[in-house]
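Reading the structure
The primary structure of each chain is shown beneath.
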Amino acid sequence: MLRLTLQGMRARWVTFTGSFVALALGVGLIAATGLALAATFQAPHRGPERFAAAPVVVRATDTLRVSTTIGERTQRLADPRAVPAEVAAELARLGRTVEDRTFPVSYASVGGEDGEGAAAAGHPWSVAAATPYRLTDGRAPRAPGEVVVAAAARERDRSGGGVAVGDRVRVVTPAGADSRTVVGTVAATDFETAVFFTDAEAAQLSPRIDALVVHADATAVRKAVQNAVRGTGSGIDVLTGDERRRADPDPDRDSEALVAVNALLGTAAGITCFVSVFVVASTFAFAVAQRRREFGLLRTAGATARQIRRTVFAEAVLVAVPASAAGCLLGAVGAPPLAAWMVDSGVAPSWFAIGDQTWPLHTAFWTGLCVAMAGVLTSSWRAGRIKPTEALREAALDNGTMPPSRWLLGALLLLAGLGLLVWSLATDPGEALKRKTYITRPMLLIVGFALYAPVLVPPLVRLVTWLPARLPGATGLLARENAATGVRRTAAVAAPVLITVALAASLLGTTATINEAKATEAASQTTADYVVAAPGEKGVLPAPFVTRARSIPGAAVSASRSTAVTVLEEGVALVRSEARAVDPAALAAVSRLPVASGRVADLDDGGIVVNEEWLTRTVGQRVRVWLGDGREVTLRIVAVLRTGTGGNGVYVTPRNAPGAPVDRVDVAVRDGADASAVDAALREAGAATRTTVLTKDEWLARSHPRSSESTRLGLLLILGIALLYTGIALANTLVMATSDRVGDLAVLRLTGATKPQVLRLVAAEALVVVAVGSLLGAAVAGLNLLGLRGALALLSVRSPLVVPWGGLGAMVAASAVLAVVAAVVPALTALRARPVDHAGTRE
């Protein structure tokens with residue numbers, strides 16, 4: 001039997017080559033994404049960076065710690081407190097101390113282009129001795145108006161347009177904008193961009209002490225801190241050794257970056273695995289279905305059903321083992337370039353690289369082998385059940401019937417996909433807006449539609465070819481009949497198109513619709529005429545700008561602060577919610593919040609505005625929360641906001657956000673006021689303080705609707721991997737299908753058809769199949785987008801569906817071109833021989 005198997009593989013090398021290519025590429029993609037995913041499980045160890053030369057660092061704790069019944073729970077504080085003055089005084093008795101102050105600044109060359117400048121962190125110069133910063137040129141600042149800036153080596157070269165000693169720069173600080181002289185430069189670091197001021201000026205710009213460098217014994221420092229804060233409730237950290245890293249800017253940036261990369265690669269690996277399994281199973285099943293006549297002849301010659309199945313599985317193993325091995329090699333070779341692309345694109349941190357893990361290769365290998373076996377399982381079982389007397393008739397024509405098991409499995413998958421959609425709409429509509437949901441949900445529907453392909457293909461073919469079949473000539477009619485009767489061939493070729501269109505339309509359409517919904521929601525909630533927001537996540541608007549804006553006649557001004565509150569839900573989960581500290585009266589003049597119950601106007605220092613996502617959300621109830629600086633308070637719920645797209649946060653008063661600076665100002669022109677005068681005054685204030693003033697429309701265009709760069713590139717990565725593979729699979733399957741029809745093409749030539757006519761027929765059939773796959777994919781995408789539209793309606797967000805017609809059209813067109821080329825080229829090769837030589841070729 002083995003000899004017969006090898007002879008069959010040699011005779012049908014095109015089919016087996018196609019199966020080999022599909023499986024090798026699928027395993028390669030799984031291996032590459034698996035290796036990249038494995039590299040995200042552990043961040044590299046880093047020692048202290050900013051305070052690397054400090055013996056002891058003292059600072060207020062930036063972590064909230066709450067004891068629960070299942071252990072201690074922690075959460076990062078949004079606005080850590082300052083080091084108390086009494087603690088600084090007590091530590092000064094032990095030895096020399098250096099006060100560190102950190103405040104946001106930006107700077108740009110005087111006379112350069114208008115703009116916000118380069119974002120940086122301001123510090124007093126005396127703390128530089130405890131950090132890696134050393135002068136590379138010039139001297140330390142000695143007088144007000146002098147600064148030292150961090151600059152890369154290339155930037156210190158004047159020819160590069162960078163900052164150099166003697167330059168005048170426009171520096172924006174929380175106190176306003178002013179021109180200063182660069183008197184020195186230090187080497188740049190990757191953890192922050194620093195600007196150093198004199199100690200006196202830094203204290204004036206930022207009076208609070210953020211950290212203390214103490215030159216004393218650590219044990220004595222801890223004892224002194226305990227004595228100083230006893231009974232005050234203040235949390236103070238004394239950091240030595242590697243613990244000093246906790247005082248670095250964003251000390252968790254490596255692990256947080258890996259969390260984002262892990263989520264992206266996890267999604268990409270899931271999509272890749274699904275696409276690979278789907279296409280490989282479809283290809284192997286089609287390869288077996290192509291040989292039903294051969295199996296029938298073997299049955300007629302006396303082969304048992306068990307022998308047929310054993311032969312098919314032996315062939316699958318002989319193909320799957322080397323293909324999986326080749327795929328693992330491809331994955332190992334392709335993973336480093338994938339990681340390099342992610343680093344170059346900014347998706348992954350600069351140090352990200354593929355490690356020495358081998359388990360992804362083992363997983364990919366055995367996945368490929370199992371998928372190949374699963375792909376031939378059903379088809380081989382059906383081939384083995386063919387009776388000898390029915391063999392030739394069964395193999396000659398697809399009758400379109402499906403076994404009960406396929407009906408049942410397809411129904412279960414479709415009901416599961418639709419049921420999960422309905423369930424989420426009934427219980428948690430916001431779930432439909434989450435990336436994991438709208439990426440994974442189409443998979444069930446894709447497989448369900450693919451399983452029903454033998455039933456759906458014939459009517460769809462007749463629908464697509466209704467007009468071409470009625471045109472003069474036989475091309476349209478023949479294309480219709482060939483596609484409709486060759487159900488398995490049509491379904492196998494349409495499968496890659498189905499998954500391409502379904503995934504692309506679902507992902508692109510969903511993200512575009514969610515972005516549009518967020519923009520619509522932001523526009524409806526903001527009634528201000530101008531929005532001025534600080535640049536960056538921790539930016540601060542200059543106090544002089546806020547003061548001048550508030551003094552403009554005819555302007556209603558709401559200055560707000562970013563903060564956060566934390567609540568303990570169900571006694572075990574510490575949940576942090578982003579919040580804004582506002583004056584409720586000023587907020588009412590510039591916004592229209594989606595209130596579900598209560599009144600935002602009732603907000604006071606003892607109240608809080610929450611949203612419907614909170615576990616406790618009844619107006620009048622009191623809820624225990626921890627504020628941004630870690631203080632525990634009990635506040636009364638005065639209003640509950642609708643969930644919306646997830647951007648409706650929490651509101652408190654400024655008193656409950658100590659330490660949070662103003663980072664956004666909304667300005668509305670009052671009724672009857674001179675709009676042009678308000679505009680001129682506001683822009684003058686912005687120009688004087690180097691603050692960018694945007695109209696509401698400009699602010700919406702800049703911030704909505706736009707996915708983050710990492711999200712956009714992540715989506716590009718997911719779609720790129722999936723679509724590249726499905727494109728290759730489409731071409732591969734068409735080559736297999738066309739090569740199997742050499743005899744049919746020869747018969748057409750003998751009946752009088754010319755070579756161009758035959759090639760046009762082959763191209764027309766390929767286009768019909770692409771159209772069928774596109775319709776099935778559009779049906780899957782349509783169900784997902786309709787579910788999303790229902791979720792938005794239930795969330796009280798009135799926003800239209802956004803269908804990416806341009807992207808979909810490009811993908812369908814690319815699939816059509818690829819399909820035509822993949823079908824015509826092997827047909828053209830087959831037509832080079834004399835028709836009489838292949839007229840009797842069937843298998």
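Residues numbered from 1 in each chain as written. Predicted model: local features only at pLDDT ≥ 70, side-chain atom pairs only at ≥ 80, totals over all residues. Heavy atoms only, no water.

This part is about the overall build of the protein chain. Tallying secondary structure elements over the protein chain gives 24 helices and 23 strands in all. Here the protein chain holds 843 residues, and 50% of them are scored as buried. Per element, the accessible surface of the protein chain, about 37000 Å² overall, is 58% carbon and sulfur. (Helix = DSSP H or I, 4+ residues; strand = E, 2+ residues; numbered from the N terminus. Buried < 20%, exposed > 50% of the residue type's maximum accessible area, 1.4 Å probe, protein only. Areas by Shrake-Rupley, 256 points an atom, 1.4 Å probe, with all protein chains shown as cover.)

Turning our attention to the pairing of strand E18 (residues 607-611). If a strand is regular, its side chains alternate between the two faces of the sheet. With 5 of 5 residues buried, E18 is to be regarded as a mostly interior element. Of the two faces of E18, both are covered, the one formed by Gly-607, Val-609 and Asn-611 as well as the one formed by Ile-608 and Val-610. Pairing analysis gives 5 bridges linking E18 to strand E20 (residues 632-641), with the strands arranged parallel. Each residue of the ladder has a partner; that of Gly-607, found in E20, is Arg-636. (Pairing = 2+ DSSP bridges.)

Moving on, we get to the packing of aromatic side chains. One pass over the structure, following the stated rule, counts 7 aromatic pairs. Between Phe-365 and Trp-366, the aromatic rings sit 5.3 Å apart at their centres with planes inclined by 90°, giving edge-to-face as the arrangement. Judged by centre distance (5.2 Å) and plane angle (70°), the rings of Trp-407 and Tyr-452 are edge-to-face. With Trp-407 in helix H11 (residues 404-427) and Tyr-452 in the loop between helix H12 (435-451) and helix H13 (453-464), this residue pair connects regions lying 45 residues apart in the sequence. A relative accessible area of 40% means that Trp-407 is categorised as partly exposed. In this structure Tyr-452 comes out as buried when scored by relative accessible area, which is 12%. Members of the aromatic cluster, connected to one another through ring pairs, are Trp-125, Tyr-133, Phe-191 and Phe-196. (Phe/Tyr/Trp six-rings, centres within 6.5 Å; stacked < 30°, edge-to-face > 60°.)

Okay, the confidence of the model for the protein chain next. Residues of the protein chain with pLDDT of at least 70 account for 90%, and the chain-wide mean is 83. Across residues 153-161, confidence stays below pLDDT 50; counting only partners more than four residues off in sequence or on other chains, it has 13 contacts. (pLDDT = per-residue confidence, 0-100. Contact = heavy atoms within 4.5 Å.)

Those residues of helix H3 (residues 85-92) that fall on the buried side of the exposure criterion are Val-87, Ala-88 and Leu-91. Seen along its axis, H3 keeps its buried residues to an arc of 100°; they face one direction. For H3, the secondary structure elements touched by its buried residues are strand E1 (56-60), strand E4 (97-100), strand E12 (211-214) and helix H5 (218-229). (Arc of directions from axis to C-beta.)

Another aspect to go through is the pattern of salt bridges. Counting across every chain of the model gives 29 salt bridges. One salt bridge in this structure joins Glu-431 and Lys-434, with 3.3 Å as the shortest N-O distance. Exposure remark for Glu-431: the relative accessible area of 28% places this residue in the partly exposed category. For Lys-434, a relative accessible area of 44% puts it in the partly exposed group. Of the charged contacts in the structure, one is a salt bridge between Asp-663 and Arg-580, with a shortest N-O distance of 2.6 Å. Taken together, the residues span a long stretch of sequence, with Asp-663 in strand E22 (residues 662-669) and Arg-580 in strand E16 (residues 573-581) at a distance of 83 residues. (Salt bridge = Lys/Arg side-chain N within 4 Å of Asp/Glu carboxyl O.)

With the rule as written, the count across this model stands at 6 cavities of 30 Å³ or more. Taken as a whole, the largest cavity encloses approximately 140 Å³ of empty space. If you go around the largest cavity, you meet 13 residues; those closest to its centre are Arg-489, Leu-734, Arg-741, Glu-765 and Val-769. Sorting the residues of the lining of the largest cavity by element identifies helix H15 (487-525), helix H20 (709-739) and helix H22 (755-794) as the ones contributing at least two each. A total of 4 residues in the lining of the largest cavity trace back to one element, the largest contributor, which is H22. Looking at the lining of the largest cavity residue by residue, the classes come out as 8 nonpolar, 2 polar and 3 charged. (1 Å grid on protein atoms, 1.4 Å probe; cavity = no way out; pocket = protein on both sides within 12 Å on 5 of 7 lines; lining within 4 Å. Points joined across faces, edges and corners; volume = space filled by probe spheres on them. Nonpolar A, V, L, I, M, F, W, Y, C, P; charged D, E, K, R; others polar.)

Let us now look at the packing of H11 against H12. Running from N to C, H11 and H12 cross one another at 150°; their axes reach a closest spacing of 8 Å. Here H11 lies roughly antiparallel to H12, going by the angle between them. For the crossing formed where H11 meets H12, the hand is left-handed. On the side of H11, the interface is formed by Arg-406, Leu-409, Gly-410, Leu-413, Leu-414, Ala-416, Gly-417, Leu-418, Leu-420, Leu-421 and Ser-424, while H12 contributes Arg-441, Leu-444, Leu-445, Val-447, Gly-448, Phe-449, Ala-450 and Leu-451. For the contact of H11 with H12, the per-class residue count stands at 13 nonpolar, 4 polar and 2 charged. (Axes fitted to C-alpha atoms, helices over the stretch in contact; angles between N-to-C directions. Parallel < 35°, antiparallel > 145°, perpendicular 65-115°, else oblique. Left-handed = near helix turned anticlockwise from the far one by under 90°.)

Helix packing for two helices is described by the angle between their axes and how far apart those axes are. Following both chains from N to C, one finds H13 and H15 inclined at 95°, their axes separated by 9 Å at the closest point. Considering their axes alone, H13 and H15 lie roughly perpendicular with respect to each other. Judged by residue contacts, Ala-453, Pro-454, Val-457, Pro-458 and Val-461 of H13 engage Val-487, Thr-490 and Ala-491 from H15.

The next thing to look at is the pairing of strand E13 (residues 236-239). Here E13 shows a buried face lined by Ile-236 and Val-238 and a second buried face lined by Asp-237 and Leu-239. Pairing between E1 and E13: 4 bridges, direction antiparallel. Looking across to E13, one finds that Arg-59 is bridged to Asp-237.

Formed by 99 residues in total, the largest nonpolar core has its most connected members in Val-275, Met-342, Phe-352 and Ile-446. Broken down by element, this core gets its largest block of residues, 14 residues, from helix H6 (residues 253-289). Apart from the residues lying within four places of it in its own chain, the contact partners of Ile-446 are Phe-274, Phe-278, Leu-498, Ile-499, Ala-502, Leu-503 and Val-780. In terms of nonpolar packing, the next biggest core, distinct from the first, is built from 28 residues, Phe-286, Ala-494, Ala-731 and Ala-822 among them. (Core = buried A, V, L, I, M, F, W, Y, C linked by side-chain atoms within 4.5 Å.)

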